[in-house]
Amino acid sequence: QVRLVESGGGLVQAGASLRLSCAASGRPLGIYAVGWFRQNSGTEREFVAAISRTPDTYYSDSVKGRFTISRDSTENIVYLQMNSLRPEDTAVYYCATKPFIATTTPDDYDLWGQGTQVTVSS
């Protein structure tokens, strides 16, 4: 069964750090692009970060310098290290994969996880 499972979310105070994990089964993340997106109820899914197969990385302006995406191909996991968290980072975070090059458009991704909640209190 091909699937992605996110973990690592939680409730933290502003300024804290969290590391999200995206574990894959049935799909080798080392040869796919992986993106992280986030969404609050009533809003569209927002691009956060992505890593291509190459492995170039991309970040939204709102998280650049605070978040880092990385991949452990041996464990088939992609991480999102989130530092200096802010209340506006509160959302459900999703990972997703697509072939080859990462993009910032959610519709380009063909496999999604179930999401993990991140809540940052002020």
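So, here is what we can say about the structure in this document. (Residues numbered from 1 in each chain as written. Predicted model: local features only at pLDDT ≥ 70, side-chain atom pairs only at ≥ 80, totals over all residues. Heavy atoms only, no water.)

## Overview of the pattern of salt bridges
As a reminder, the rule being used: Between Lys or Arg on one side and Asp or Glu on the other, a salt bridge is scored when a side-chain nitrogen of the former is within 4 Å of a carboxyl oxygen of the latter. For the exposure calls, accessible area comes from a 1.4 Å probe over protein chains only, and a residue counts as buried if that area is under 20% of its type's maximum, exposed if over 50%, partly exposed in between. Runs of E in the DSSP output that reach at least two residues are strands. Runs of H or I that reach at least four are helices, and both are numbered from the N terminus.
Scanning the entire structure with this criterion turns up 5 salt bridges. Asp-61 is the partner of Lys-64 in a salt bridge, and the nearest nitrogen-oxygen pair spans 3.4 Å. Accessibility classification places Lys-64 together with Asp-61 in one group, the exposed group. Salt-bridge contacts for Asp-89 lead to Arg-66; the nearest nitrogen and oxygen are separated by 2.8 Å. Taken together, the positions of Asp-89 in the loop between strand E8 (77-82) and strand E9 (91-99) and Arg-66 in the loop between strand E6 (57-59) and strand E7 (67-72) put the pair 23 residues apart, joining distant regions of the chain. Owing to a relative accessible area of 1%, Asp-89 belongs among the buried residues under this scheme. Members of the salt-bridge network, linked through shared partners, are Arg-38, Glu-46, Arg-66 and Asp-89.

## Describing the pairing of E8
Using the following cut-off: If DSSP finds at least two bridges between two strands, the strands pair.
Of all 6 residues in E8, 5 are buried; the element is thus mostly enclosed. One ladder, built from 6 bridges, connects strand E3 (residues 18-25) with E8; its direction is antiparallel. Across the sheet, Ala-23 pairs through a bridge with Ile-77, a residue of E8. In this structure, the hairpin formed by E7 and E8 is closed by a connection of 4 residues, where Asn-76 is found at a positive phi of approximately 60°.

## Focus: a nonpolar patch on the surface
Under the convention used in this document: Patches draw on residues past 30% relative accessible area with no salt bridge. Two like charges within 9 Å are joined, as are two nonpolar side chains (Val, Leu, Ile, Met, Phe, Trp, Tyr) within 5 Å. Here the open area of atoms and residues is found with the Shrake-Rupley method and a 1.4 Å probe, where only the protein chains shown may cover a residue.
A cluster of nonpolar residues, Tyr-58, Phe-100 and Ile-101, forms a patch on the protein surface that exposes about 290 Å² of accessible area. Inspection of the secondary structure puts Tyr-58 in strand E6.

## Let's talk about the sheet that holds strand E1 (residues 3-7)
For the record, the criterion: The convention used is that axes are lines fitted to C-alpha atoms, helices contributing only their stretch in contact, and that angles between N-to-C directions extend from 0 to 180 degrees.
Strand order in the open sheet formed by 4 strands is E1-E3-E8-E7, and the pairing between neighbours is antiparallel. The open sheet is flanked by E1 and E7, the only strands paired with a single partner. Pairwise comparison of adjacent strand axes, ignoring direction, gives a mean angle of 15° for this sheet.

## Re the state of the cysteines
Two cysteines whose sulfur atoms are joined by a covalent bond form what is called a disulfide. Just so we agree on the cut-off: In this description, the term disulfide denotes a pair of cysteine sulfurs within 2.5 Å.
Counted by the stated rule, this structure contains 1 disulfide. A sulfur-sulfur separation of 2.1 Å characterises the disulfide bridge that pairs Cys-22 with Cys-95. Its torsion about the S-S bond being 70°, the disulfide of Cys-22 and Cys-95 is classed as right-handed. Taken together, the residues span a long stretch of sequence, with Cys-22 in strand E3 and Cys-95 in strand E9 at a distance of 73 residues. Here the two residues Cys-22 and Cys-95 agree in accessibility, since each one is buried.

## Brief notes about the packing of aromatic side chains
As a reminder, the rule being used: Think of it this way: a Phe, Tyr or Trp ring, Trp meaning its six-membered ring, pairs with another when their centres are within 6.5 Å, and the plane angle makes it stacked under 30 degrees, edge-to-face over 60, tilted otherwise.
Under the defined criterion, the tally for this structure stands at 5 aromatic pairs. Measuring from ring centre to ring centre gives 5.8 Å for Phe-37 and Phe-47, while their planes differ by 70°; the resulting arrangement is edge-to-face. Of this pair, Phe-37 sits in strand E4 (residues 32-39) while Phe-47 sits in strand E5 (residues 46-51), and the two are 10 residues apart along the sequence. There is no split in this pair, since Phe-37 and Phe-47 are both buried.

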